[in-house]
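Examination of the molecular architecture
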Amino acid sequence: MKPAPFFYERPRDLNAALAMLAANGSAKIIAGGQSLGPMLNLRLVQPELVVDISGLADLKRAEICGDELVLGALVTHADIEDGRTPDVTCGAMRGVAANIAYRAVRNRGTIGGSLSHADPAADWVSALAALGARLTLRSLAGARTLAIEAFVVGALESALQAGEIVEAIHVPARAGSAHWGYAKSCRKTGEFAHAIGAVLVDPAAATARIVIGAIDTPPIVVTDAGELFGGRVAADYKQRFDARVADILLVKAGIGDAVQRHIHVSVLKRAVHEAAA
Amino acid sequence: MRSERKFPSGGSGQGVGARLPRKEDDRLMRGRGQFVADIRVVGLQDVAFVRSPLAHARIRGIDVPERYRGNVFTAADISGVSPIRAISALPGFKISEQPMLASGKVRQVGELVAMCVAPTRAEAEDIAASVTLDLEELPAVYDMLKARDPGSALVHEHWGDNVFLETNYEVDISAALDAPIKVTREISTARQCMSPLEGRGVVASFDGRLDQLTLHSAAQMPHITRSGLAECLGMEEGRIRVISPDVGGGFGHKGILLPEEVCLSWLTMRCGHPVRWIEDRREHLVASSNCREHHYRITVYADRDGTLRGIDCEATVDSGAYSSYPFSACLEAAQVASILPGPYRMPAYRCRTFSVATNKCPILPYRGVARTGVCFALELMLDLVAAETGLEPGEVRLRNLVRPEQMPFDNITRKHFDSGDYPQAMRRALAAVDVAAVRAKQSQGEADGRRIGVGVSIYCEQAAHGTSVYAGWGIPMVPGHEQASARLTPDGGLELRVGVHSHGQGMETTLAQVAHEMLGIDVAKVRIILGDTAMTPYSTGTWGSRSMVMAGGAVAAACRELGERARRIGAKLLQHDPASVVLQNGEVRGVNGSVSLQAIAHTWYRRPQDLPADVDPGGLEVTQGYKPVRDSGTFSYAAHAAVVAVDPDVGEIEILDYVIVEDGGVLVNPMVVDGQIYGGLAQGIGTALYEEMPFDTSGQPLATTLADYLLPGATEVPTARLDHMETPSPYTQFGVKGIGEGGAIAPPAAIANAVNDALRPLGVEMMQSPITPRRVVEAVLAARAAERNAA
Amino acid sequence: MNSIALNVNRRAVEVLAEPRTSLADFVRDKLDLTGTHLGCEHGVCGACTVLLDGVPARSCITYAVACEGADITTIEGLDEDEVTVELRAAFTREHALQCGYCTPGMLVSARDLVLRLPDADERRIRVGLSGNLCRCTGYVGIVRAVQSVIETRRARNIAPQPGGGRTILGPAGSGWAAPGGNEQPLRPVRQEFAAASDGIAPAVIPDFTPATVLEQRFTLPYAPAKVFAMFDDIAGIAACLPGVSLTAPPSRERVEGAIRVRLGPIAAVFEGAARVERDPAKLSGRIVGIGTDRRSRSATQGEIRYRLLPIDDGTATAVELSIGYALTGMLAQVGRPGLVRDLARRLVADFADNLDRHMSGASPGQLAPAELSGWSIVSDILRARVARFFGRRGEPG
C-alpha cells in the first residue's frame, strides 16, 4: 500500500504555493497529511505534484483581532486542544479539538486541512458552522471570505476553486450568555462520526445556531432556529426542543432513511441537553 | 479458589503455577523483535500482486505493458505447480482447487492473477497498476443461503451446486417434539477478518549450496506449511526450510498455506534472487481469509420447568470460494453439529449443516472456531426459553448443565468432558454481577434514558484434541505425538526445540517453566527454539489451544528423560548407587553431597573420561514424544456475565461490568492465562459489537480500511473481573488444559443476552452479530411501530 | 529522488528517498530501524507511531520529505529514555504485551500520556491509548502499566507537562526545512492508459442488477411524443450527463464514451459503452452501460430507465426516471458508501436538470459541465422538485 509516485515541492511562501497550484491542475496541497496521506497510500488519489505548505509560518498565526479569533490554516488540532492558541469560545473549540481522531493525528492534522477535505463527518465542519465561523480563501487572484456553511457543498466537496486554498479561519467571540453543546456518535473513540449535533444557544439574545452534521451531505445549519424550539429561543429551550422539526429538516436534506434520521435527531437532542446543562 | 501448588518447584517462583514475567518481552519492547518484514537478505526484491477486482469473472485477457514483461508473471508462465487441494475424507465432500495464480476464472475479489517484481514495493505496485485485466463478469454467489437455491450461479461449475459438504446428525429428535415449550429463531454471525496487527508475509530465497528453498513466513504451523508447499511444488520436503520468525499475532489467520507462499517460492527459484511479499491491510481485509459467518435455523424444546428436551438445528457456514489447507472448507460447519449441545444435557438432538461455497475469501478457523457462533446461537435461545418459562436465565442454565458428579461425561454428540464443575462457574458469575441488584435497578429505570441489562453465557472449549478426533475428519493434517528435543549445553544451559510456535502466547517463558519444573534449572538458562523446520521436531503447530498441553507435555517428557540420564551420570560422579540419588533444584543429590547439572554437562561434553562405562550413549540430548492419556481433548470452560447499558435512541452500548469465571485446569503461568482471557474477550467484544465485513450483491467486500472494519480499542474494552477455578484434567501432564481460545467464545452471547435483557420490555430482540447502533435503533423503531399498529 | 536530511535518534542522517516514501518506510528501509512497525498504512492502528519533534505522530502517513530537518525518535532511540525505562518495567510486570507487534507504537503513545496526564485516571488513559490498536492483550495490562507509571511519577512530584512540551504551532515536524523540492526532478513513472477507442469498449453489454437505484420524476410542458423523440437523440442525452464525453459517433443502438467523476480528491474516468433500447408503444426506454476506470481497477455498470406519462390531456409529460448503478473494484470498496451515494445523488440531480433544460431547447454545449464540480449550483433548485428519491439494494430497477 504505497502511493503512486508524485513530485514534491516546498514553496517559500504562500504566493509561491498558489503559483504552483495555478500552474498544475492536478497538484494537491498537503499540510499535516492526515486526510490526504491515507488516500495517497491507498492510491485513491494520484496527484502529479504535492505542494507541502506545512512550513509556511504565515499560516501558523493564531491571534485575536477585534472580537474574533483568527487561526491560520496550519494550526493543529493539538494546538487548540492544548491551549497554545487563544480562545474566544469559552473552551468550546478546545473540547472539540480534544476529541478529533487520536493524539498522534492531532499533532499533525490541521484545522485548514480538515476543512479543505470537506468530509461531512469531520468535526470542524459542524462545530465551526455552529460557532458562526468564516473562512478566508486565497488564490493568486486575491482573497475572499465565506461562511463555513457556504464552504462545504457536498461530500468531500468544498467551495474551493482551482488554485485556491484555505488561508485562515475567523471565529467570532462567543457571547458570555451563550450556551454551547456538542455531541457526536462514533462507533468507537476517534472514528468517523455517524451523527453530530452542535448548538450555540443564547437565550438572552433569543438566538441559536443549530447544526446537524455527519449526514453524507453538507451539514444542516439552522441560523434562525426558533422553529426548533416551538417558535422562540428562550431560557426553557431544552424543554421546548421539537424533535419533529429536526426530523423534517433531515427529510428536506434528502435523508430518506428513518433510522438514520432518528439517530441524528437523538444526537442533536443530546447536544441541546448538554448546552442547557 | 485455586489449590496449593503441588509441584516440586513450589518455592522457586519459576515453575508450574508461577506468574513469571516473560522472557520474550525485552526484545519486543526495544524494537528488536524480528518479524518477517524485518528480515534483510541481500538482493531482495519486492512483490506486489495483481488481484481480481471482481468476485466472479472469466479471465479473457491479461495485458502487460511491453516494458514490464520481465517483471510480471501470470498463470501462463507457470508449469509443474499443483493447485492447493485441501480435501476432507468426510463422505460427499467436494474438492476445490485453489490455483497459485488464477487462470480461466477468478472466484473472489482479491484472487491472485499476476505477480509483479521490483526493487521496492512501491515500484512493484506501480507495475501491478499498469497491468490491465480483461474480465467478463459473472453473477456472484454472495449469499450463502441463496447459494443453495436451484439456479444459483455456481462457484465451481462441475459440482452442480455450491455445497462443499452437507452433514446430518440425529439422536431421536422425535422424542422432543411433544415438549410444551418450543422456540424457533434464525440467528446469524457476521463475516469477520481476524486482523492480527501484523499481516501475513513471506521472504523466499534459494540456497544453492544446500539446494534448499528457504521460506520465511509469518506462520503458525511451519511444518504443515512445508508439507503443503512440497506437495504444490513437487519438491522433496528436505529441499524446503520454513522459518517463522517473531509473529505479530495469529488467531488462525496464519494457520493456512497461502497461494502467496507458493507463488514466492516458485518466483525465487525462477528469478534466482530473494523475493518478499508483505500483506498490507487492504489485502488482509479484502483478499485474505475470513471467518465466523454462520447462520442458524434453530428450535429448542423444553419443559415448563426449563428442562431441555432437545435441539433441532440447520446450520449454514459461508466457506468462501476455496477449501484452505490444511483445515478444509468443512471443518467449521461440520464442527457445529458436534459441539452445539455443549455442556448441556438433553435427550434429543438433530443438526444438519451445510458448508457453502461463495465468491468470497476462504473461511479459516478463527480463535474459538465454530464455538463462538454455536455459543451465540444456543445461549441466545436459552434466554428465550427463560423468557417463555418465566425463569431467570441463570436458572435455566443451572437446570441443564452437566453436574460435577457426572464427570467424566459423554454428551449427546459423544464429546468426552474430562472434568469440571460447570454449575459452580455459572453460580459464581451470577453472584459476581449480582443479578438481583441489576433487576432492582432495572425496575427503577435510568435517569439518562438508557436501559440496562444483564446477560450470561457458558461454553466448553475442547482443546488439544488429537489423533482420534482428527483422523475422522480426514483432512491433510492429523496430529499425533507431539515431540520436543531437550539438550543440555556444555555450560549447563538447556536448549528446547519444539515444533509449535509462539505468536504472543509466551511459549518461550511457559515452556521454560515446564523445564524448570522438571529439572530445577533456572529459566534464564533455558532457551526455547521454535518456528524453524530445520531446527525443530515435526509438529502440526500452534492451533486449537493445543500448545501448552501438547508441547508442554512433550517438554516435560523430554526433560524427564534428560533428567534421568543426568541423574545416572551424577550418581557416578558422586560415587553413589543411582537408586539413592535424586534430581532436585538443578542438582543431583545424594547423602554425601550434590553435583550440579552444569557439572554433569561439563563432564559429558568436556571430560568424557570421567563418565561411567555404562553411560547412556544418547547423552544429554533427548527427543521425546507425548500424547495425553486420552486424546479426545481437554475441556476448559468459563461462565461469562455482562451488564450493559443501551441507549435505544442512538443505539450505543456500554459494557458496565464484565465477569469471567474460568477453569483451565492447572495453569502453568496464570499471568499469561489472564492475558489470553483478556485478549480473547476483546476479540469477543469485536465480534459482538464492531467487526463485520459486509459484501454487496456483486460480491464486493465493503470494508477495506480499519476505519470501516472496526477493531475494539482501549475505550471499547472494559477491565473484566476474572475468577479462577481449577479442576485438573485427569489426562494431561500437570493436569493442564488448553485455554487460548476461550476468551473469544462467550462474549458475543453474553453481551447479546444483556442487550436483549435491556431491550426486551421494548419488544426488541437482537439475533445477529455485530449488534451495531444502527441495528439497535432499527429494531427499536420497528418495535415501536408494531406497538402503535397494535394499539 | 530527493536528498532528505533529518535527525533520527539524535543522529543526523541524509539519505536519498522518493517523495512518496513514508517516514516509516524511511526509517525501516533506509536506516534499518525495524522497530517501527506498519500495521495499516492509513493512520488508524498506531503501530507506526514515532516521536516527531518530541510528540507522537503517525509515520505511515507522514512523508519523510516533509520532515526535513525535524527530530525523529523511534523505539530504538528510547532505549535509555527515563520514562520508557519505567514503562518497559511496568509493561513486563503487567503483561502488557503478547505478540509485541503493536508494542513500539504503544510505548511511544504511552510515554506521551505519562508526560501529559495530570493523574492516572483510567478513562483518560484509555482515551489516550485509543489510537493504538492491540489485538492480543485486551488492553488490561497496558492500562495498568501506564497507570502505575503515572502514579509513581506523580508521587515522586514529577509534574505533568501539558502539551508534552510542545510550544510552537503547526504540524509536528514542520518548519525546519529550507524551501525546495525535487532536487533531481525525475519524472515519476505514470501509467499512460490508452484511450477507450483503442478497442477496450466491450462488444457485449451485459444486463445487471443495480446495487443502488435512484428515482426521479419531473414534468415537461411538451407532448409525450415530442419528449420521446428527444430521448432518441442519444448524443443529446449523453451531453446531459455531467462528465460524459463520446469517443465515437453514436448509432441508434450503441454509444461509446467515457464518464469522468470526482469525489473530493478521488478522480476516476470510466470508459466503456452503452446499449440503447426503446419501446415506442409504451413510451419507455432504457440505456444500459458498462465502463472501467483502469487506474483504480474499478468498473461501473449503470442504467437509465425512463417512462413518459401524458398529463394535462396529453399536452405535457411526466417523466419518470430511474437510474441504477453498481460499482466494483477499489472505488466500490471505499468503506463509506454514503459518500458515493451522495455523489450519485448529485449526479442524477444534475442529469435530470440538464435533461429538462435540454428539452426546453438549450443547446447541449451550454449545459454539460466537463466535470461534476459545478453540480452544487443546480442541485438545490432541483432538490425542491424531487418527487421521490430513495436508494434500495438488491432489486432490479
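A quick note: this is a predicted structure, and the numbers were derived from the prediction, not measured. (Residues numbered from 1 in each chain as written. Chains lettered and ligands numbered in written order. Predicted model: local features only at pLDDT ≥ 70, side-chain atom pairs only at ≥ 80, totals over all residues. Heavy atoms only, no water.)

1. Re the overall build of chain A
Per the secondary structure count, chain A includes 11 helices and 14 strands. Here the C-alpha atoms of chain A give a radius of gyration of 19 Å, agreeing with the 19 Å that 2.2 N^0.38 yields for 277 residues. Dimensions along the principal axes, computed over C-alpha positions, put chain A at roughly 55 × 45 × 35 Å. Taking all 277 residues of chain A together, the buried fraction comes to 65%. Counting contacts in chain A only where the partners sit at least 6 residues apart, residues at least 24 apart contribute 60% of the total. Total accessible area computed for chain A in this model is approximately 8900 Å², and 51% of it derives from carbon and sulfur atoms. Between the centroid of the 28 positive side chains of chain A and the centroid of its 28 negative side chains there is a distance of 5 Å. (Helix = DSSP H or I, 4+ residues; strand = E, 2+ residues; numbered from the N terminus. Rg over C-alpha atoms; globule rule 2.2 N^0.38 Å. Buried < 20%, exposed > 50% of the residue type's maximum accessible area, 1.4 Å probe, protein only. Contact = heavy atoms within 4.5 Å. Areas by Shrake-Rupley, 256 points an atom, 1.4 Å probe, with all protein chains shown as cover. Lys, Arg positive; Asp, Glu negative; His and termini not counted. Charge placed at Lys NZ, Arg CZ, Asp CG, Glu CD.)

2. Side note on the sheet that holds strand β14 (residues 220–222) of chain A
Residues and elements named next belong to chain A. Spatially, the four strands line up as an open sheet ordered β11-β12-β13-β14, and their pairing is antiparallel. Taken across any chain shown, the strands that pair with only one partner, and hence form the sheet edges, are β11 (179–186) and β14. Averaged over all pairs of adjacent strands, the angle between their axes in this sheet comes to 5°, without regard to strand direction. Across seven bridges, strand β12 (residues 193–202) lies against strand β13 (residues 207–213) in antiparallel orientation. Bridge pairing in β13 places Ala 198 opposite Val 211. On the sheet, helix α7 (residues 123–131) packs against β11, β12, β13 and β14 and is oriented at approximately 15° with respect to β12. (Pairing = 2+ DSSP bridges. Axes fitted to C-alpha atoms, helices over the stretch in contact; angles between N-to-C directions.)

3. A word on helix α17 (residues 773–790) of chain B
Its 18 residues give α17(B) an end-to-end C-alpha distance of 26 Å, which sits within 8% of 26 Å, the value for a rise of 1.5 Å per residue. For α17(B), every residue scored as buried is listed here: Pro773(B), Arg775(B), Val776(B), Val777(B), Ala779(B), Val780(B), Leu781(B) and Ala783(B). The inward-facing, buried residues of α17(B) abut α11 (258–276) of chain A together with β26 (634–646), β27 (653–663), α16 (747–759) and β29 (768–769) of chain B. (Expected span 1.5 Å × (residues − 1).)

4. Describing the interface of chain B and chain A
With 30 residues of chain B at the interface, the matching set in chain A holds 24 residues. Interface area for chain B against chain A, summed over the two sides, is near 2200 Å², with a carbon-plus-sulfur share of 54%. Three residues stand out in chain B for area buried against chain A, namely Arg282(B), Val650(B) and Arg774(B), and they jointly supply 22% of the buried area on that side. Linking chain B with chain A are five salt bridges. Between Asp647(B) and Arg270(A) there is a salt bridge, with the nearest N and O atoms lying 2.8 Å from each other. Inspection of the chain B/chain A interface yields 17 residue pairs in polar contact (both at pLDDT 80 or more). (Buried area = accessible area lost by both parts, 1.4 Å probe. Salt bridge = Lys/Arg side-chain N within 4 Å of Asp/Glu carboxyl O. Polar contact = N/O pair within 3.5 Å; in protein donor to acceptor, adjacent residues only side chain to side chain.)

5. Some thoughts on unusual backbone geometry
The amide bond that connects Tyr325(B) to the next residue, Pro326(B), takes the cis arrangement and shows omega of 5°. Considering the arrangement of structural elements, one finds Pro326(B) in the loop between β14 (308–320) and α6 (331–339). In this chain, Met407(B) is followed by Pro408(B) through a cis amide linkage whose omega measures -10°. Mapped onto the fold, Pro408(B) is located in the loop between α8 (393–400) and β16 (409–410). If you check the backbone angles, Leu156(A) has positive phi at about 60° while not being a glycine. Judged by its relative accessible area of 7%, Leu156(A) falls in the buried class. For Asp172(B), which is not a glycine, the phi torsion comes out positive at approximately 45°. Relative to the assigned elements, Asp172(B) resides in the loop between β7 (163–171) and β8 (181–189).

6. A closer look at the domain arrangement of chain C
On domain assignment, one finds that chain C holds domain 1 (2–165) and domain 2 (196–383). Spacing between the C-alpha centres of domain 1 of chain C and domain 2 of chain C amounts to 50 Å. (Domains from an automatic or database assignment.)

7. What about the nonpolar core?
With 220 residues, the main nonpolar core has Met115(B), Tyr422(B), Phe91(C) and Val146(C) as its most contacted residues. Per element, the largest residue contribution to this core is 11 residues, and it comes from helix α7 (residues 371–389) of chain B. In contact with Val146(C), not counting residues within four places along its chain, are Leu87(C), Phe91(C), Ala110(C), Val114(C), Ile125(C) and Leu129(C). By size, the runner-up hydrophobic cluster in this structure holds 78 residues, among which are Met39(A), Tyr325(C), Ala344(C) and Leu355(C). (Core = buried A, V, L, I, M, F, W, Y, C linked by side-chain atoms within 4.5 Å.)

8. A few points about the domain arrangement of chain A
Along its sequence, chain A is carved into domain 1 (7–52), domain 2 (57–172) and domain 3 (179–276). Taking the mean C-alpha position of each, domain 1 of chain A and domain 3 of chain A sit 35 Å from one another.

9. Here we look at the interface of chain B and chain C
Contacts between chain B and chain C engage 75 residues on the former and 66 residues on the latter. Buried area between chain B and chain C, summed over both chains or domains, comes out near 5600 Å², and the portion from carbon and sulfur atoms is 53%. At the surface where chain B touches chain C, the tally comes to seven salt bridges. Among the ionic pairs, Asp79(C) bridges to Arg32(B), the shortest N-O distance being 2.5 Å. Inspection of the region where chain B meets chain C yields 26 residue pairs in polar contact (both at pLDDT 80 or more). By residue number, the principal contributor to the side of chain B that touches chain C is helix α15 (residues 670–690) of chain B, which donates eight residues. A class-by-class count of the residues in the side of chain B that touches chain C yields 36 nonpolar, 20 polar and 19 charged. (Nonpolar A, V, L, I, M, F, W, Y, C, P; charged D, E, K, R; others polar.)

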